[in-house]
Amino acid sequence: MGEGGNRAVLQPLLAALYDFESLRVREELGSAFAPDAEIHLCHPFEDLAGPEALWDQAVAPLHAALPDLERRDTIVMAGSTEAGDNWVGCCGNYTGTFRGEFLGIPPTGHQAALRFHEFFRVVDGRVVEMQALWDLPELMMQAGVWPMTPSLGREWHVPGPASQDGLVFDRGSGSASLALVRRMLTNLGQSKTGGLKAMRLADSWHPKMNWYGPAGIGTCRGIEGFRHWHQIPFLNAMPDRVGGIARGHLFGDGGYVGFTAWPGMSMSLTGDGWLGIPPVGQKITMRSLDFWRCEAGLIRENWVLVDLLHVYAQLGVDVLARMREMTKAMHPDRMREEYE
């Protein structure tokens with residue numbers, strides 16, 4: 001099955017998630033996924049066994065919280081890795097009116113958007129593995145209850161591709177884009193020995209690049225913005241990081257490149273600390289799922305999600321519990337139960 005065919009495996013499910021009717025969504029999950037598919041979701045969901053668990057533990061609760069739920073994909077791409085694995089990558093937002101609690105996040109009564117990066121490995125026309133991040137901190141921020149430090153970058157509704165071609169089916173070869181991103185990632189790895197100059201950022205990144213980070217880090221504009229609001233704090237906090245291409249799955253599709261890994265990096269939190277977290281020296285792993293869009297031989301846009309709740313959890317910080325402490329005044333019954 002070619003790349004277009006692998007993308008087609010997901011199309012009925014994506015259409016069902018857009019119109020969202022529970023019975024149809026469950027049917028399409030069962031059709032698209034192998035019964036024993038490996039499901040890897042962000043913290044606190046973690047690993048789930050098959051499409052029924054995905055529905056019961058993640059999708060159905062989200063639908064209960066946003067009863068008029070719909071899914072809006074902004075990028076759907078597919079390709080093969082060097083190892084011959086076939087992946088489909090999807091980027092976009094779940095949206096709807098936030099009417100009920102979700103993971104303890106209080107509803108706002110207004111339209112909400114939950115950003116997602118979801119990657120699906122396809123074998124013989126069925127999804128056998130899913131690696132996915134949902135930007136739960138973004139939903140907390142929309143509810144006004146983010147309990148951790150503020151972002152250095154810009155928090156906003158992250159847009160789809162400026163080229164407006166994120167849903168094009170036949171994009172042609174992704175080999176040139178893949179080579180560009182691979183070279184960029186290799187150069188980034190040279191910082192340990194050669195510093196900033198060795199990374200050769202201007203060789204790979206467009207002067208008007210946008211780096212769309214997760215809520216908690218935010219968006220950075222241009223190489224200068226990327227350096228100040230993400231890269232410098234990140235590199236200073238975790239100088240012993242290891243990982244990258246060798247740990248994950250990199251594939252191209254026309255001007256787009258996707259990367260998924262579970263996890264993609266391991267490191268110790270030292271140096272200057274990160275996101276307001278002190279340099280505790282704790283060993284952690286990091287899940288980061290990426291999409292790049294290349295234009296005229298340079299990277300123009302990069303969508304990045306990081307499982308920040310999982311990072312905090314490894315350091316002994318339960319962000320969802322801290323959030324519940326912030327919001328318990330909204331629930332007098334719970335406060336009385338705790339007091340008694």
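Figured I'd write up the structure that's included with this text. (Residues numbered from 1 in each chain as written. Predicted model: local features only at pLDDT ≥ 70, side-chain atom pairs only at ≥ 80, totals over all residues. Heavy atoms only, no water.)

A look at the overall build of the chain
Rule in force here: Under the DSSP-based scheme used, a helix requires at least four consecutive residues in state H or I and a strand at least two consecutive residues in state E, with every element numbered from the N terminus. We take the radius of gyration over the C-alpha atoms and set the globule estimate at 2.2 Å times the residue count to the 0.38 power. For each residue, the accessible area found with a 1.4 Å probe, counting protein chains only, is set against the maximum for its type, and the residue is called buried under 20%, exposed over 50%, and partly exposed in between. Any two residues having at least one pair of non-hydrogen atoms within 4.5 Å are treated as being in contact. Surface accessibility in these figures is a Shrake-Rupley result with a 1.4 Å probe; residues are shielded only by whichever protein chains are displayed.
Along the backbone of the chain there are eleven helices and 15 strands. The C-alpha atoms of the chain give 20 Å as radius of gyration, which agrees with the globular expectation for 340 residues (20 Å, within 12%). With the C-alpha coordinates of the chain rotated into their principal frame, the extents come out at 60 × 45 × 35 Å. Across the 340 residues of the chain, 55% fall into the buried class. A separation of at least 24 residues holds for 66% of the contacts in the chain among residues at least 6 apart in sequence. Accessible surface, the chain: about 14,400 Å² in total, of which carbon and sulfur atoms supply 52%.

Here's the deal with the layout of surface pockets
In plain terms, the rule: Grid points spaced at 1 Å over the protein atoms alone were grouped into cavities, where a 1.4 Å probe fits but cannot get out, and pockets, open sets with protein on both sides within 12 Å along at least five of seven lines, with lining residues defined by an atom within 4 Å of a point. Grid points are joined across faces, edges and corners, and a volume is the space filled by probe spheres set on the points. In this classification, the charged set is Asp, Glu, Lys and Arg, the nonpolar set is Ala, Val, Leu, Ile, Met, Phe, Trp, Tyr, Cys and Pro, and all remaining amino acids, among them Gly, are polar.
Put simply, the largest pocket is a space of about 740 Å³. Considering the residues around the largest pocket, the lining is formed by 32 residues, among which Leu185, Leu188, Phe234, Gly244 and Met265 are closest to the centre. Elements with a contribution of two residues or more to the lining of the largest pocket: α5 (175-188), α6 (191-199), β7 (205-212), α8 (222-237), β9 (242-243), β14 (288-295) and β15 (298-306). In terms of residue count, α8 provides more of the lining of the largest pocket than any other element does, five residues in total. Classifying every residue of the lining of the largest pocket gives 19 nonpolar, ten polar and three charged.

A closer look at α5
Inclusion rule: Helix span, expected: 1.5 Å multiplied by one less than the number of residues in the helix.
Over its 14 residues, α5 runs 20 Å from end to end, which matches the ideal 20 Å to within 8%, given 1.5 Å per residue. Inspection of α5 places Ser177, Leu178, Leu180, Val181, Met184 and Asn187 among the buried residues, and these make up the whole buried set.

Regarding the nonpolar core
The condition is simple: In plain words, nonpolar cores are sets of buried Ala, Val, Leu, Ile, Met, Phe, Trp, Tyr and Cys residues tied together by side-chain atoms within 4.5 Å.
Of all hydrophobic cores here, the largest spans 106 residues; its most connected members are Phe33, Trp134 and Trp274. The greatest single-element share of this core, amounting to seven residues, is contributed by helix α3 (residues 50-65). Dropping the residues within four chain positions of it, phenylalanine 33 is found in contact with Leu13, Ile39, Pro51, Leu54, Phe120, Arg126, Val127 and Met130.

Describing empty space enclosed by the protein
Within this structure, the stated rule accounts for four cavities of 30 Å³ or more. Counted as a void, the largest cavity has a volume near 80 Å³. Residue assignment for the lining of the largest cavity shows that the elements contributing at least two residues are α1 (3-19), α3, β5 (111-123) and β6 (126-134). Among the residues making up the lining of the largest cavity, the classes are represented as ten nonpolar, no polar and two charged.

Observations concerning the packing of aromatic side chains
Our working definition: Pairing of aromatic side chains requires ring centres within 6.5 Å, counting the rings of Phe and Tyr and the six-membered ring of Trp. Pairs whose planes differ by under 30 degrees are stacked, by over 60 edge-to-face, and all others tilted.
This model, assessed by the stated rule, comprises 13 aromatic pairs. Members of the aromatic cluster, connected to one another through ring pairs, are Phe45, Tyr94, Phe102, Phe116 and Trp134.

Here we look at the pattern of salt bridges
Note the following rule: A carboxyl oxygen of Asp or Glu within 4 Å of a side-chain nitrogen of Lys or Arg is what we treat as a salt bridge.
With the rule as written, the count across this model stands at 17 salt bridges. Close ionic contact of arginine 121 with glutamate 129 constitutes a salt bridge, the shortest N to O distance being 2.9 Å. A salt bridge links arginine 293 to glutamate 295; the nearest nitrogen and oxygen atoms lie 2.9 Å apart. Within the structure, one salt-bridge network assembled from shared partners comprises Arg293, Glu295, Arg300 and Glu301.

Some thoughts on the packing of helix α2 (residues 22-32) against α3
The condition that has to hold: Helix axes are fitted to C-alpha atoms over the stretch in contact, other axes to C-alpha atoms as well, and angles between N-to-C directions run from 0 to 180 degrees. Working rule for angles: under 35 degrees goes down as roughly parallel, over 145 as roughly antiparallel, 65 to 115 as roughly perpendicular, anything else as oblique. Should the near helix be turned anticlockwise from the far one by less than a right angle, the crossing is termed left-handed; should it be turned clockwise, right-handed.
Direction vectors running N to C along α2 and α3 enclose 150°, while the axes themselves pass 10 Å from each other. Taken together, the axes of α2 and α3 are roughly antiparallel relative to one another. Along this stretch, α2 crosses α3, giving a crossing that reads as right-handed. Here α2 contributes Ser22, Val25, Arg26 and Leu29 to the contact with α3, which in turn contributes Pro51, Glu52, Leu54, Trp55, Asp56 and His63. Across the contact of α2 with α3, the residue classes break down as five nonpolar, two polar and three charged.

Looking at the environment of asparagine 302
The cut-off we apply is this: Two N or O atoms form a polar contact when they lie within 3.5 Å of each other; inside protein one atom must be a possible hydrogen donor and the other a possible acceptor, and for residues adjacent in sequence the pair counts only when both atoms belong to side chains.
Within the secondary structure, asparagine 302 is located in strand β15. For the pair formed by asparagine 302 and glycine 258, sequence separation is 44 residues and the distance between their alpha carbons is 9.8 Å. Discounting chain neighbours no more than four positions away, the residues touching asparagine 302 are Trp205, Asn210, Trp211, Tyr212, Asp290, Phe291 and Trp292. At 2.9 Å, the side chain of asparagine 302 and the backbone oxygen of phenylalanine 291 are in polar contact.

A look at the sheet that holds β9
Rules: Here, a strand pair is defined by DSSP locating no fewer than two bridges between the strands.
Strand order in this open sheet of three strands is β9-β12-β13, and the pairing throughout is antiparallel. Each edge of the open sheet carries a strand with a single partner, namely β9 and β13 (283-286). Two strands pair when backbone bridges link them, and strand β12 (residues 265-268) and β13 are joined in this way by four bridges, in the antiparallel orientation. From the neighbouring strand, methionine 265 faces β13, where its bridge partner is methionine 286.

Observations regarding unusual backbone geometry
Note that the residue after histidine 43, namely proline 44, is joined by a cis bond; omega there is 10°. Here proline 44 lies in the loop between β1 (33-40) and β2 (47-49). At the junction of tryptophan 262 and proline 263, the peptide bond is cis and its omega measures out at -5° in the coordinates. In the Ramachandran plot, phenylalanine 20 falls in the positive-phi region, its phi being about 35° despite a non-glycine side chain. Within the secondary structure layout, phenylalanine 20 lies in the loop between α1 and α2. For phenylalanine 20, a relative accessible area of 9% translates into the label buried. Positioned with a positive phi, aspartate 124 is a non-glycine residue whose angle comes to about 50°. Secondary-structure assignment places aspartate 124 in the loop between β5 and β6.

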